[in-house]
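Each chain, letter by letter, is given below.
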Amino acid sequence: MIKQNNKILYIIFVAMVFIYAYPVMASINKNQVTKKEQAVFAFFRALGSAPDYDYWIKSKPTYKSLPTKNQENYLLNETLRLGGGYGSFDQDIDLLELKINVSAIYSPAVDGKKPRILFEFFKSSRNYTPTFNYPYGDEILSLVINKLALYSDMELNEKQNEAVLKKIPYEDKYFDATLIVHVRVDKANYKKPIKTKPVKQWLMVGEIAYLRCDVSSYETGRKYMLWDYVAPWHEEVFRMKNMPEEGKYPHPFDLFKD
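As the structure is a prediction and not an experimental result, all values here were calculated from the model.

A.B. asks: How should I be thinking about the overall build of the chain in this particular structure?
C.D. replies: Looking only at helices and strands, one finds seven helices and eight strands in the chain. Counting over 258 residues, the chain shows a buried share of 37%. Taking the intrachain contacts of the chain between residues at least 6 apart in sequence as the baseline, contacts between residues at least 24 apart amount to 66%. Counting every atom, the chain has about 16,500 Å² of accessible surface; 55% of that belongs to carbon and sulfur.

This is the structure in structure tokens:
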């Protein structure tokens with residue numbers, strides 16, 4: 001009974017800390033959370049609920065390695081940090097960013113068909129659906145990117161073909177390329193795991209906001225963009241993110257214009 005009361009008191013204490021510390025938490029810099037932690041935020045945003053901070057933090061090796069007397073302070077600080085990160089996480093703006101190594105090949109125009117640029121994941125079939133895993137406590141959150149395979153075989157018009165030919169190392173042979181993918185997580189399942197052994201594994205599905213294919217030049221060592229795509233629903237956010245800093249705000253003299 002004493003242990004149960006202590007647990008209840010701790011829960012009340014943490015709740016009070018959240019209430020009074022919320023202004024501080026809301027101002028926590030997003031750089032204070034990792035990309036993997038952002039993936040957890042995205043999962044729970046899609047669910048419409050918050051992570052179990054107590055479970056998440058106590059599963060961390062850092063917490064387990066601390067002396068007992070220091071664990072409570074670490075738990076409180078991490079709860080504030082992660083709670084602040086989750087509170088300021090906007091799933092439409094704070095997209096998950098992935099770099100995926102692939103094999104690409106250029107196929108020239110043949111028998112009236114247009115030239116194409118194709119990619120596939122290393123050591124996998126064309127129909128392979130990749131998953132990207134993120135730790136949450138002792139569990140795994142697995143991301144599937146919806147419709148990623150649709151962009152694995154791109155038909156090129158004349159202008160695109162000319163641009164691609166200037167950047168690829170050679171034709172009709174596979175070469176290394178990198179996909180840059182920005183993803184918004186829209187769906188998550190925390191009722192039925194897709195796997196239970198060796199650890200529980202949960203599924204989340206993301207939509208492509210931005211997709212780019214880069215290739216490195218063997219001659220210059222520089223990376224070049226072969227092609228990119230921006231989803232219509234993401235165009236305005238993408239434009240603002242990539243606008244020069246001085247263009248995001250009106251010039252002082254513009255304030256006096258009619």
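A.B. asks: Sorry if this is basic, but what is going on with the pattern of salt bridges here?
C.D. replies: Pairing between side chains of opposite charge can happen when the charged atoms of each approach one another. With the rule as written, the count across this model stands at 10 salt bridges. Of the charged contacts in the structure, one is a salt bridge between arginine 81 and glutamate 37, with a shortest N-O distance of 2.7 Å. Of this pair, arginine 81 sits in helix α5 (residues 68-87) while glutamate 37 is found in helix α2 (residues 35-47), placing the two residues 44 residues apart along the sequence. The closest approach of N and O atoms between arginine 184 and aspartate 186, which form a salt bridge, is 2.9 Å. Taking relative accessible area as the criterion, aspartate 186 reaches 31% and is therefore assigned partly exposed. Each member of the salt-bridge network shares a partner with another, and the members are Glu37, Lys60, Glu78 and Arg81.

A.B. asks: Whenever I open this one, the environment of isoleucine 117 confuses me. Can you help?
C.D. replies: With respect to the element layout, isoleucine 117 can be found in strand β2 (residues 116-121). As for isoleucine 117 and leucine 156, which are separated by 39 residues in sequence, their C-alpha atoms are 7.4 Å apart. Setting aside anything within four residues of it in sequence, one finds isoleucine 117 in contact with Ile105, Tyr106, Ser152, Asp153, Met154, Leu156, Val164, Ile168, Phe175, Leu226 and Trp227.

Conventions we followed
- Residues numbered from 1 in each chain as written.
- Predicted model: local features only at pLDDT ≥ 70, side-chain atom pairs only at ≥ 80, totals over all residues.
- Heavy atoms only, no water.
- Helix = DSSP H or I, 4+ residues; strand = E, 2+ residues; numbered from the N terminus.
- Buried < 20%, exposed > 50% of the residue type's maximum accessible area, 1.4 Å probe, protein only.
- Contact = heavy atoms within 4.5 Å.
- Areas by Shrake-Rupley, 256 points an atom, 1.4 Å probe, with all protein chains shown as cover.
- Salt bridge = Lys/Arg side-chain N within 4 Å of Asp/Glu carboxyl O.

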